Amino acid sequence: MANRRDFLKTAGVAGTIGLAGCLGGGDGTETPASDDDSDSGMTETDSDTETATESEPAYGNGELNFLMSPSEPQDLMEQQYAPIREYLSSNVQDPTTLKYARNYSAVLQALGSGTGDVAETGPFAAALGVNAEKCEIALQRKGYGSWTYVSSIVTQEGSDIESLSDLDGGTVAFADRLSASGALFPLSMLKGAGLDIGGLPTGSDDQADFTANFAGGHAAAFEALDAGQVDAAGVGQFITLDDNRELKDGVRYVEQYEGIPRAPMVISPQLSDEEKTEVTEAMNNAPESMYLGADGEEGTDDDLWFSDVRPASKDTYQPVIDVANDLGVETEFLDG
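Residues numbered from 1 in each chain as written. Predicted model: local features only at pLDDT ≥ 70, side-chain atom pairs only at ≥ 80, totals over all residues. Heavy atoms only, no water.

Looking up the protein chain in an unreviewed UniProt entry gives the name Phosphate/phosphite/phosphonate ABC transporter substrate-binding protein, with the organism given as Salinirubrum litoreum.

(A) Structural context of the nonpolar core. Phe124, Ile153, Leu167, Phe174, Leu190 and Phe210 are the most contacted members of the largest nonpolar core, which totals 51 residues. Within the residue set of this core, elements represented by two or more residues are helix H2 (104-113), helix H3 (123-131), strand S9 (148-156), strand S10 (171-174), helix H4 (180-192), strand S13 (251-261) and helix H7 (318-327). Setting aside its immediate chain neighbours within four residues, Phe210 contacts Leu167, Gly169, Gly170, Val172, Phe174, Leu187, Leu190, Leu195, Asp196, Ile197, Leu200 and Asp205. One finds Leu271, Ala286, Tyr291 and Val309 within the second-largest nonpolar core, a separate group that totals 27 residues. (Core = buried A, V, L, I, M, F, W, Y, C linked by side-chain atoms within 4.5 Å. Buried < 20%, exposed > 50% of the residue type's maximum accessible area, 1.4 Å probe, protein only. Helix = DSSP H or I, 4+ residues; strand = E, 2+ residues; numbered from the N terminus. Contact = heavy atoms within 4.5 Å.)

(B) Broad picture of the confidence of the model for the protein chain. Of all residues in the protein chain, 83% have pLDDT values of 70 or greater, and the mean over the chain is 86. Between residues 1-13, whose pLDDT stays under 50, and residues either more than four places distant or in other chains, the model counts 57 contacts. For residues 19-53, every residue scores under 50 in pLDDT, and the model assigns this stretch 84 contacts once sequence neighbours within four places are set aside. (pLDDT = per-residue confidence, 0-100.)

(C) The packing of H4 against H7, seen in detail. For the pair H4 and H7, the least separation of the axes is 10 Å and the interaxial angle reads 60°. The two elements H4 and H7 meet at a crossing, and its hand is left-handed. Contacts from Leu184, Phe185, Leu187, Ser188 and Lys191 of H4 reach H7 at Pro319, Val320, Val323, Asp326 and Leu327. Partitioning the contact of H4 with H7 into residue classes produces seven nonpolar, one polar and two charged. (Axes fitted to C-alpha atoms, helices over the stretch in contact; angles between N-to-C directions. Left-handed = near helix turned anticlockwise from the far one by under 90°. Nonpolar A, V, L, I, M, F, W, Y, C, P; charged D, E, K, R; others polar.)

(D) Examining the environment of Gln140 more closely. Within the secondary structure, Gln140 sits in strand S8 (residues 136-143). C-alpha of Gln140 to C-alpha of Tyr317: the two residues are 177 residues apart in sequence and 9.1 Å apart in space. Apart from the residues lying within four places of it in its own chain, the contact partners of Gln140 are Trp147, Thr148, Pro261, Arg262, Ala263, Pro264, Asp308, Val309, Arg310, Ala312, Thr316 and Tyr317. A distance of 2.7 Å separates a polar side-chain atom of Gln140 from the backbone oxygen of Trp147. (Polar contact = N/O pair within 3.5 Å; in protein donor to acceptor, adjacent residues only side chain to side chain.)

(E) Representation of the pattern of salt bridges. Taken as a whole, this structure holds five salt bridges when the rule is applied. In this structure, Arg85 and Glu86 form a salt bridge, with 4.0 Å as the shortest nitrogen-oxygen distance. Exposure remark for Arg85: the relative accessible area of 18% places this residue in the buried category. Across the pair Glu120 and Arg141 runs a salt bridge, and its minimum N-O distance is 3.1 Å. Separated by 21 residues along the polypeptide, Glu120 in strand S7 (residues 118-120) and Arg141 in strand S8 bring together distant segments of the chain. Using a relative accessible area of 3% as the deciding quantity, one classes Glu120 as buried. Residue Arg141 is classed as buried on the basis of its relative accessible area of 0%. (Salt bridge = Lys/Arg side-chain N within 4 Å of Asp/Glu carboxyl O.)

Next comes the structure, spelled out in structure tokens:
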């Protein structure tokens, strides 16, 4: 691990990593990076320091750094992931620290350089990271009773849109440019149907066969359809279902993509094979209590959204990698 960092060991509980700006519709807080660590974009809280020994310590600096992507506010995610920090500290490496990333690009940069060891992130960010050799996929998460989920293009029930080709000249709402099920898979479906998607998702729709409306979330995109403001919406299937898991009244599916793997956990390629195995096996064998948040009680606000993990690899996420390649999206897209 000659490429890994060689600096003072810090024993902080949680920190912040990356550049300003939270992507993907997340509403994470933004705390400026410390001037004392401006090169890495890292900050630590409640930290003590001690000089690392001359022999190379475990995980590069004697601590295991777990990165959280900015899908929710930092204080909430620190509560949600506190049991993971405690579990890994007890079973893998003490200390284990939590670090909150300002954006998905910061996660990949940290993993690629070895300043981060393991991270939770989205499937699309992981796919781009694999393409750029900045991370390796270790685990797949299970949430809402399933290991996979569905992307949908939906229209109003009385619409004359019967196929994706009928959207030529129409307006399509999307959740967010970085959403796998709410933009990237719908755009890939539209492209596969022969429609020109212009410079989307990274650029404009000036040359596209339809007008794109990035609504800022799945609910907002679905509401735009319901209000008759757009001809169709590209969203995750979950937003189209009622409390009985049935399709909501007044809409119908035009096209769906099933089997998108739920968000993974990824590891740094700078870790040794032994370290990769140690982290992956520990997470795979974790007790149920690891998913219950800081209060340790099921059904409360700090529960993790996922309830299980299983080993995964690049092959598991090949559908997402294929879409990233199909749309010509690279890691710079995550800098936003």
